[in-house]
Amino acid sequence: MLASLSLILLCQLIGEAVVRGLGLPLPGPVLGLLLLLILLLARDRFALLARGPLRNDGVETASKGLLAHLSLLFVPAGVGVVQELDLLASHGIAIILVLALSVVLTLLATALTFRLVSRLLKQQDAR
């Protein structure tokens, strides 16, 4: 379990280092997840890679353990919000309005994208 967790964190570290080193406009953990995905796909394709933390669903077990305790990872963010309650009180209305507007814009963008894709698929089926 420890080796599998270390592999997950190593992939995140490599992703972060590559992004910072190359100045890519991409979060490092996203690149790390892509690296981990490539490793897992290669493991399933080539039996030679199924060693160490990559064997016997070790990474999957470690990731399920992380997901089971995901709520603990939000504790620092909650503490940060509590520490800035005075700032939240002074700008609360603006924050609520911006959040509401962003929700509405996201829903509109999602609905419009769905309609566009469904029209394109209907046109493709008609051919």
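Because the structure is predicted, anything quoted here is derived from the model rather than measured.

According to UniProt, the "transmembrane region" (unreviewed entry) feature falls on residues 31–50, 62–81 and 93–117. As annotated, residues 62–81 comprises 70% helix and 0% strand, and the C-alpha atoms at either end are separated by 29 Å. As annotated, residues 93–117 comprises 100% helix and 0% strand, and the C-alpha atoms at either end are separated by 36 Å.

A complete count under the given rule lists two salt bridges for this structure. The partner of Glu60 in a salt bridge is Arg43, and the shortest N-O contact between them spans 2.8 Å. Remark: Arg43 occurs in helix H2 (residues 28–45) and Glu60 occurs in helix H3 (residues 58–68); sequence separation between them is 17 residues. Judged by its relative accessible area of 24%, Glu60 falls in the partly exposed class. Accessibility expressed as a relative area gives 9% for Arg43, which makes it buried.

Moving on: the confidence of the model for the chain. Overall, the predicted model of the chain reaches an average pLDDT of 87, with 95% of residues at or above 70. Mean pLDDT values for the elements of the chain range from 83 in H3 up to 92 in helix H5 (residues 85–126).

Calculation criteria
Residues numbered from 1 in each chain as written. Predicted model: local features only at pLDDT ≥ 70, side-chain atom pairs only at ≥ 80, totals over all residues. Heavy atoms only, no water. UniProt positions renumbered as here; feature names shortened; annotations may be inferred. Helix = DSSP H or I, 4+ residues; strand = E, 2+ residues; numbered from the N terminus. Salt bridge = Lys/Arg side-chain N within 4 Å of Asp/Glu carboxyl O. Buried < 20%, exposed > 50% of the residue type's maximum accessible area, 1.4 Å probe, protein only. pLDDT = per-residue confidence, 0-100.

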